[in-house]
Every structure is written in structure tokens, then in C-alpha cells.
Amino acid sequence: MSLKPESESDRGKNKASSKSFEAMRKFSEKYAKNTGTFFCSDPSVTNAVIEGLAKHKEELGSPLCPCRYYEDKEAEVKDTYWNCPCVPMRERKECHCMLFLTPDNPFAGTKQELEIVDIVYDA
Ligand code: SF4
């Protein structure tokens, strides 16, 4: 019998819920395909960024870019500039998180689907 909870602790402490992670995974895969960009050749980078986006979506209601420091996260969400996909990505395909990489980027892999790594479930 599975007792796996559906709460935010179902993937371990300090992680987003499976539901939020899945939502951001699906978004990221679709967006990469739509923009002709690729995930990083190191899948732990992609996993970490998607995790950060999922946590912000849960905490703030929007997937605020997880790779920046903010004085006031709520104000940044309202400003929308750094809500993923951010303006630099939408306008110039610039993703400083290395989630969406153009094929000429030396860190670009060949995948637009996530290889899940480094997911630790609490016992
Ligand atoms: S840099 Fe922009 S596109 Fe890349 S993860 Fe952050 S918000 Fe998303």
C-alpha cells in the first residue's frame, strides 16, 4: 500500500510538490520545443532550475526566475519582467539560468525532454 503523500513534502523537504515540479517540467519541455532551444548537457542544471521555478510558483503564484536575487519577490512577480519565460528569453533567447540554450551554446545538450536526476525522496 502506498502512503506517498500528495503534499509539498512528497518529494522531500525544501522541494516543490510533485504536481508543481511536473507542471514546470511540462512547461519547460514545451517551451524548449517551441523556441528551438535545448536543455543543458548537465541534467542537474536543468533539474535545479525547474525545481526553483516550481518552488517560486508555489510560494509566489508565479514562476519567478530562480537564478537572481530579489529584494522583494512579490514586487518582482507583479513587475512580470523576470517571470519565466522572462523578457530577455522572449526577446533574445537569453536564459542566464541555462535552462533554455540555443544550439550554438557550448553548454547545450541535445534534449528537450528532462532527464530527472538528483531527486531524493524522504524515507
Ligand atoms: S533566465 Fe528567464 S527563461 Fe531562463 S529560467 Fe530564468 S526566467 Fe526562465
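Everything below is about the structure printed above this text.
Residues numbered from 1 in each chain as written. Predicted model: local features only at pLDDT ≥ 70, side-chain atom pairs only at ≥ 80, totals over all residues. Heavy atoms only, no water.

(A) Representation of the pattern of salt bridges. Evaluated as defined, the whole model comprises seven salt bridges. Between arginine 11 and glutamate 51 there is a salt bridge whose closest N-O contact spans 2.9 Å. Of this pair, arginine 11 sits in the segment before α1 (18–35) while glutamate 51 sits in helix α2 (residues 43–60); the two residues are 40 residues apart in sequence, bridging distant segments of the chain. An identical accessibility class is assigned to arginine 11 and glutamate 51; each is buried. (Salt bridge = Lys/Arg side-chain N within 4 Å of Asp/Glu carboxyl O. Helix = DSSP H or I, 4+ residues; strand = E, 2+ residues; numbered from the N terminus. Buried < 20%, exposed > 50% of the residue type's maximum accessible area, 1.4 Å probe, protein only.)

(B) Seen up close, the site of the ligand. In the vicinity of the ligand, the residues found are Val49, Cys65, Trp82, Cys84, Cys86, Met89, Cys95, His96, Cys97 and Phe100. Per-class residue counts for the shell around the ligand are nine nonpolar, one polar and no charged. (Near = heavy atom within 4 Å. Nonpolar A, V, L, I, M, F, W, Y, C, P; charged D, E, K, R; others polar.)

(C) Quick look at the nonpolar core. One finds Leu99 and Phe100 to be the most contacted residues of the largest nonpolar core, which totals 27 residues. For this core, the elements supplying multiple residues, two or more each, are α1 and α2. Of all the elements, α2 adds the most residues to this core, at five residues. The residues contacting leucine 99, other than those within four sequence positions of it, are Ser28, Phe38, Phe39, Thr46, Val49, Ile50 and Leu53. (Core = buried A, V, L, I, M, F, W, Y, C linked by side-chain atoms within 4.5 Å. Contact = heavy atoms within 4.5 Å.)

(D) A look at the side chain of threonine 46. Looking at the element boundaries, threonine 46 is found in helix α2. Taking relative accessible area as the criterion, threonine 46 reaches 1% and is therefore assigned buried. In this structure, threonine 46 is in contact with Phe39, Cys40, Leu99 and Leu114, ignoring residues within four places of it in sequence.

(E) Spotlight on the state of the cysteines. Applying the stated criterion to the full structure yields one disulfide. Across the disulfide, cysteine 67 is cross-linked to cysteine 97 (sulfur-sulfur distance 2.0 Å). One quick way to see it: the torsion about the S-S bond of cysteine 67 and cysteine 97 is about 130 degrees, and its sign makes the bridge right-handed. Separated by 30 residues along the polypeptide, cysteine 67 in the loop between α2 and α3 (73–79) and cysteine 97 in the segment after α4 (87–92) bring together distant segments of the chain. A relative accessible area of 35% means that cysteine 67 is categorised as partly exposed. (Disulfide = S-S within 2.5 Å.)

(F) The arrangement of the packing of α1 against α2 in detail. Following both chains from N to C, one finds α1 and α2 inclined at 120 degrees, their axes separated by 8 Å at the closest point. It follows that α1 is oblique to α2 by the angle criterion. With respect to the hand of their crossing, α1 and α2 are arranged in right-handed fashion. Listed contacts from α2 to Ser20, Phe21, Met24, Arg25 and Ser28 of α1 are Asn47, Ile50, Glu51, Leu53, Ala54 and Glu58. (Axes fitted to C-alpha atoms, helices over the stretch in contact; angles between N-to-C directions. Parallel < 35°, antiparallel > 145°, perpendicular 65-115°, else oblique. Left-handed = near helix turned anticlockwise from the far one by under 90°.)

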